[in-house]
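So you can see what is in the structure, the chains are spelled out below.
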Amino acid sequence: MRGHLPDENPGFVGRRTELERISAALAEHRLVTVTGVGGVGKTRLALRAAHRAADGYPDGAWWTDLSPLDGDRLLVALVADSVDLSDHTPGMATTGLCHRLADDRLLLVLDSCEHLAEPCARLVAELLAAAPGLTVLATSRRPLGVEGEQVVHLDPLPPAGGDALELLRRAAGEEFTAAGPAGEICVRLEGIPLALELAAAQIRLQGAEAVRDQLGTRFDAPPSARFELLAHTERVWPSRHQTLRAAIGWSHELSAPLERLLWARLSVFRGPFDLASATAVCIGGPLNRATLPGALDGLVRASVVRPPDAAGRLRMLDTIRAYGATWLDRTGETGTVADRHAAHFRGLARRGEADWHGARQLRWYRTVDAHHTDLRTALDRLLRTDPDAALDLIGSVAFAWSCRGRLREARDGLEQALLLSGARGRTRARALWALGVTLVLQGEFGPAQDVSERCAREARHTEYTEYAEGLEDADGAGRAGHHGRPGDLTLDAAALAGLLALTTGRPMAAHIVVGHVLDAARGGPADSAARLRCHLVRVFALTGLGRLGEARDRALALRDLCEELDEHWTRTALEYQLALTGLLEGDPATAAGHARAMLEGTRGLGASLGVALGLDVLATALAAAGDGERAADVSGTGEAYWRSTGQPRRGLPGLRALHEKYTDTARATIGEPAYEEIFVRALTGLPQDGLDRALRSPRQA
């Protein structure tokens, strides 16, 4: 089935009537919003309803969690990412998303809209107008206010009913009778699911009678006395419902002092976090490396922090995180902890960039991807407080973001930081290089040319200044070379100029620019990522110039080197070049083998543009070999991936001509109707299934 929905929580209880109401509303309305107070179970109910409804949408059901966003600047990018749109187009963000959804019949779930209600309303209205087959299911503490919206209000579970008691039983892992303390707990907590889960955690620690007695003491007090220390905005704590607020406050009181301090400091994380990040950001005072793990375990046992997933990442629900943020503000530490958070993720970004060249490349690529939300949070903080540091952070991660298809976010962050920061030197040159690559990938060749020239000037100025001041490293690596030779900044500027020349059909210019710098620089391709990128551009330039034997030999040597280094990105690009060379030399079987190797690499990197390019070269190789049916299947899958980038099919000029030539041959071989039937079936099927078929060798097919 197409789409993506998270796995359901096994603790789902009851809600049969509400599920039927949502199902009926989805059948009649294109926008259905589930409303209710925080902690009442809107997310779980929407997820259950989406799973039940998914089969009715040929193009799938897709989930977007909006809780990590603290503003609307990345709203469209997050929604686009959730529907597998790695938008490479340079126009307005909503344009690509509207185009992606225009012809589809799908269900889009927007979870936790309340803090972005107005931007969500504008986006939903625009999407519904552009995509007649789109249905939106939203969760929010208040309606979005869009014309045609159908609101389904969600109340707590009936406090004296069986569902509330069953939820408490499952969460606590114990059997209770309705007449005992557990039944009184359900009534005291008014059947609010999140409050019941917090109580269940205390039942596991203290027993049901002790929890009942504690709740009796707290909840018999008037609302103003239950939790007078925490006033919060209407959005988080509705005045009509103080019970959840009091329940969270009760859990807070039962936490040990170190646990309460950690709870507050963890609120700076917008996404999942691991122990290492929590330690780096939250230690200080009584919280140290020895005491923090125990405090974190206590918060997990109390259900304040969700247990770690398979990758060791933990998280807090947005309602509980917001509570901690209020306490953090009351301690006067909000700015300090936010600065530590930003510094930590800036350091993570810099380590990732430093380890890009070598065996830890893939590990850091995935680490940067896993911490994407908090890297964005750190960047936003630094743009406000320290633009020079923001430029350093975004310059370190932008290339990885672009490889992952997050071109809009990379470009947005780079352009803002370059505008706000007055920093010169390495940080600026690196950011200009990353921006130039991003613009090339978006097809913005005019702006890319301007940025490329600025990058070259900044690189030359920086390396000349460093050489003149005698600031070169002991071995010259990463700085201006000995005796004023080009360093890595100039090499990367040349690689950018060469990439731009290649994509605009000027292989001779690409060959000259990188050849000139490589001849002047010392060292080989193994010495740095910049040198390796220049050698890669030279290989593609040789291919474009028709010097196929030389290009193939250089590519094979570089690929062997990448295997020794355990370097993935350049190796994948080299497989693409070798596949193209095989086609140009009339060897489609060899080309197909290299194309499959490229696809394995791009799948591991999560690079949809790379997958689209690889499928094109594989389809061309299959058509050239006379396998028209498989060529049609792979080409249809390729078109699906191209659509996920928001761009029309493109690639190096030589490949485009070959693809058109052999596609016409394949159509003639198996007949136009048969080709179109296979092509459309692959286009409308699951892209991942099509990629799996493409990766099978002829013997496996």
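Use the structure listed above.
The model shown is predicted, which means the values in this text are computed figures rather than measured ones. (Residues numbered from 1 in each chain as written. Predicted model: local features only at pLDDT ≥ 70, side-chain atom pairs only at ≥ 80, totals over all residues. Heavy atoms only, no water.)

1. Brief notes about the pattern of salt bridges
Okay, step 1: As enumerated under the stated definition, the model contains 48 salt bridges in all.
Okay, step 2: Between Asp-81 and Arg-406 there is a salt bridge, and its shortest N-O distance comes to 3.6 Å. Here Arg-406 lies in the loop between α19 (387-403) and α20 (407-420) and Asp-81 lies in helix α3 (residues 75-82), a separation of 325 residues in the sequence.
Okay, step 3: Residue classification places Asp-81 among the partly exposed residues on the basis of a relative accessible area of 31%.
Okay, step 4: Each of Asp-81, Asp-369, Arg-404, Arg-406 and Glu-409 takes part in a single network of salt bridges with overlapping partners. (Salt bridge = Lys/Arg side-chain N within 4 Å of Asp/Glu carboxyl O. Helix = DSSP H or I, 4+ residues; strand = E, 2+ residues; numbered from the N terminus. Buried < 20%, exposed > 50% of the residue type's maximum accessible area, 1.4 Å probe, protein only.)

2. Topic: the side chain of Arg-559
Okay, step 1: Counting through the fold element by element, Arg-559 comes out in helix α26 (residues 548-565).
Okay, step 2: Residue class for Arg-559 comes out buried when judged on its relative accessible area of 18%.
Okay, step 3: Setting aside its immediate chain neighbours within four residues, Arg-559 contacts Arg-571, Leu-574, Glu-575, Leu-578 and His-594. (Contact = heavy atoms within 4.5 Å.)

3. What about the state of the cysteines?
Okay, step 1: Counted by the stated rule, this structure contains 0 disulfides.
Okay, step 2: The thiol of Cys-562 is unpaired, and the distance to the nearest cysteine sulfur, on Cys-403, comes to 14 Å.
Okay, step 3: Residue class for Cys-562 comes out buried when judged on its relative accessible area of 0%. (Disulfide = S-S within 2.5 Å.)

4. Points about the sheet that holds strand β3 (residues 61-65)
Okay, step 1: Pairing within the open sheet is parallel, and its 6 strands lie in the order β1-β3-β4-β5-β2-β6. Single-partner strands in this sheet number two, and they are β1 (3-4) and β6 (150-153).
Okay, step 2: Two strands pair when backbone bridges link them, and β3 and strand β4 (residues 106-111) are joined in this way by 5 bridges, in the parallel orientation. Pairing of Asp-65 across the sheet is with Asp-111, part of β4.
Okay, step 3: Together, β2 (31-35), β4, β5 (134-140) and β6 form the strand contacts of helix α1 (residues 16-28), whose direction differs from that of β6 by roughly 175°. (Pairing = 2+ DSSP bridges. Axes fitted to C-alpha atoms, helices over the stretch in contact; angles between N-to-C directions.)

These figures capture arrangement, not role.
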